[in-house]
Amino acid sequence: MADPELICEVRTKGGVYRNWISVEVQQDFRTEGWLRRLRLVCAEPSAIKELRLAPGDRVDIVLAGYNVIERGYIRDRQAAYDANRHAVQLVGYGKAGLITEASINGGTGQYRGYKLDAIANAVLKPYGLSFRVQNGPDGWDQPFPNVMVRYGETPFDLIARLCKQRGLFFYADAKGNLVAGPKTADKVARFVEGENILAATCQLRHLAVEALIIGAQQPGSDSLSGKKASEVQAKATVPGGTPGAVQKIIAEMPLDERGAQLRTNWEAQVLQSFALQLSLTYKGWLRPGIGGLWEPSDAVSVKSPMLFPTESGTEVLKLAAYTYMQDANAGTVTTIEMVNRLAWEQRYANAKENDGFYDLGASQAKPEAVT
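Parameters at a glance
- Residues numbered from 1 in each chain as written.
- Predicted model: local features only at pLDDT ≥ 70, side-chain atom pairs only at ≥ 80, totals over all residues.
- Heavy atoms only, no water.
- Helix = DSSP H or I, 4+ residues; strand = E, 2+ residues; numbered from the N terminus.
- Buried < 20%, exposed > 50% of the residue type's maximum accessible area, 1.4 Å probe, protein only.
- Contact = heavy atoms within 4.5 Å.
- Areas by Shrake-Rupley, 256 points an atom, 1.4 Å probe, with all protein chains shown as cover.
- Lys, Arg positive; Asp, Glu negative; His and termini not counted.
- Salt bridge = Lys/Arg side-chain N within 4 Å of Asp/Glu carboxyl O.
- Pairing = 2+ DSSP bridges.
- Axes fitted to C-alpha atoms, helices over the stretch in contact; angles between N-to-C directions.
- Core = buried A, V, L, I, M, F, W, Y, C linked by side-chain atoms within 4.5 Å.
- Parallel < 35°, antiparallel > 145°, perpendicular 65-115°, else oblique.
- Nonpolar A, V, L, I, M, F, W, Y, C, P; charged D, E, K, R; others polar.
- Phe/Tyr/Trp six-rings, centres within 6.5 Å; stacked < 30°, edge-to-face > 60°.
- Lys NZ or Arg CZ within 6 Å of the ring centre and 35° of its normal.

Caption draft 1: The arrangement of the overall build of the chain in detail. In terms of helices and strands, the chain carries 5 helices and 22 strands. Within the chain, the proportion of its 371 residues that are buried is 48%. In the chain, of all internal contacts separated by at least 6 residues, the share reaching a separation of at least 24 is 70%. Taken as a whole, the chain presents about 17900 Å² of accessible surface, with 49% of it coming from carbon and sulfur.

Okay, structure coming up:
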């Protein structure tokens, strides 16, 4: 009897398919993979005759009994054969895939005095999707004075633009709903060198700059004019960067002082994501010691003195990406990619210390006088 923890099922209104020789499901909050993608290959002639899935079909993808994609879409179907080989490859994505391609209804629009989640839920409603924030930074729920939908902008484009201004990263859950902000680290998956790590690669990087400055403007009015409107600026410092090196960025839309601070903190988190990047492969699909499948920002403890030049040789990181794989050569494995915690949640100079090589701390963005 097949091990239930090694079974990939594709469930559709036409039945359940299990005859796969190659499985790949991935998600990466740093790229377009934030919406969950799948690639499945079947090569048995008997299974090909039964395989009636076509582009546009709705599917649930179930790994080890857990839904990783619900009501997703088959986007591409490619079939090929010769005298010796037969193969069908299916490529698809989660339910949120449509919001990356279709423009917002009406093509344009305007939202005055609405919060991020209200705007996001309004543009997602036609797709049967929702948006929520978990553990957002102080000020994320500050209303936007005026948001203009740009011509042809997709729901994804608009939400990504607004999340930047509120210091948030987001991803799609199994149902395609959008979740912004990091999970609470109530459970930590643990990996130990020599025990449950098949392969690992760790890259540590010196951060080129020690400060980030975001510049913005606000519309003028009778009560707001001059430099207070035209020269809004915030600055964050990152110890460990090259002394005196500063990166300056213009905000994508009008921001007040608090908005500029949040936008600067977001950019600092992006910078911190490059300080440490770790890729690790292990057997199986489930999270070690916890069970269940991965979600972006899950907490991961890695003990590997070979990878980390620290006294403890241990780091607690945040999940940025996962790829579930299964084939005849590699078996059933998962590769997870991690970044330091500052890439998901800003902690400042007075935070609890650790001996992590990457954990340089960062100053909370503050208003900065334009020079």
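The structure having been displayed, the exposition proceeds.
Caption draft 2: Summary view of the side chain of Asp173. On the secondary structure map, Asp173 appears in the loop between strand E11 (170–172) and strand E12 (178–180). Comment: no salt bridge for buried Asp173; closest opposite-charge side chain is Arg132, at 5.5 Å. Here Asp173 is in contact with Arg36 and Val179, once residues within four sequence places are set aside.

Caption draft 3: Here's a closer look at the sheet that holds E11. With mixed pairing, 3 strands are arranged side by side in an open sheet as E9-E12-E11. Pairing within the sheet leaves two strands with one partner each, and these edge strands are strand E9 (131–133) and E11. In this sheet, neighbouring strand axes are inclined to one another by 20° on average, regardless of whether the strands run parallel or antiparallel. Running over the sheet, helix H2 (residues 116–124) touches E9 and E12 and is turned about 160° from E9. Packed onto the sheet, helix H3 (residues 155–165) meets E9, E11 and E12 and runs at close to 150° relative to E11.

Caption draft 4: Representation of the nonpolar core in the model. Ile61, Trp294 and Ile336 are the most contacted members of the largest nonpolar core, which has 40 residues in total. In contact with Ile61, not counting residues within four places along its chain, are Cys8, Glu9, Val10, Val25, Leu38, Leu40, Tyr66, Asn67, Val68 and Ile69. Core analysis: the next-biggest nonpolar cluster, separate from the first, contains 39 residues, Leu124, Phe156, Cys163 and Leu168 among them.

Caption draft 5: How the structure looks around the pattern of salt bridges. Counted according to the given criterion, the structure contains 13 salt bridges. Residues Arg36 and Glu295 are paired through a salt bridge, measuring 3.0 Å at the closest nitrogen-oxygen approach. Of this pair, Arg36 sits in the loop between strand E3 (22–28) and strand E4 (37–42) while Glu295 sits in the loop between strand E18 (276–283) and strand E19 (299–303); the two residues are 259 residues apart in sequence, bridging distant segments of the chain. Assessed through its relative accessible area of 2%, Arg36 is described here as buried. The structure contains a network of salt bridges with shared partners spanning Lys164, Glu252, Arg263 and Glu267.

Caption draft 6: The arrangement of the pairing of E19 in detail. Most of E19 sits out of view: 4 of its 5 residues are buried. Strand direction decides the pairing type here: strand E13 (residues 188–192) and E19, joined by 5 bridges, are parallel. Considered in E19, the bridge of Val192 is made with Lys303. Here E19 runs beside strand E20 (residues 314–327); their pairing, made up of 5 bridges, is antiparallel. Bridge pairing links Val302 to Glu315 in E20.

Caption draft 7: Highlighting the packing of H2 against H3. H3 packs onto H2 with a crossing angle of 175° between their chain directions and a minimal axis gap of 10 Å. By the angle between their axes, H2 is roughly antiparallel relative to H3. Where H2 approaches H3, its residues Leu116, Ile119, Ala120, Val123 and Leu124 are matched on the opposing element by Pro155, Leu158, Ile159, Leu162 and Cys163. Here the residues of the contact of H2 with H3 are counted per class, giving 10 nonpolar, no polar and no charged.

Caption draft 8: The packing of aromatic side chains, seen in detail. Across all of its chains, the model carries 11 aromatic pairs by this definition. Taken together, a centroid distance of 4.8 Å and an interplanar angle of 35° make the contact between Tyr322 and Tyr324 tilted. Given a relative accessible area of 0%, Tyr324 falls into the buried group. Here the aromatic cluster, defined as three or more aromatic residues joined through ring pairs, consists of Phe29, Phe169 and Trp266. It is Arg58 that lies over the ring of Tyr73; its NZ or CZ is 4.0 Å from the centre.

Keep in mind these numbers describe shape, not what the thing actually does.
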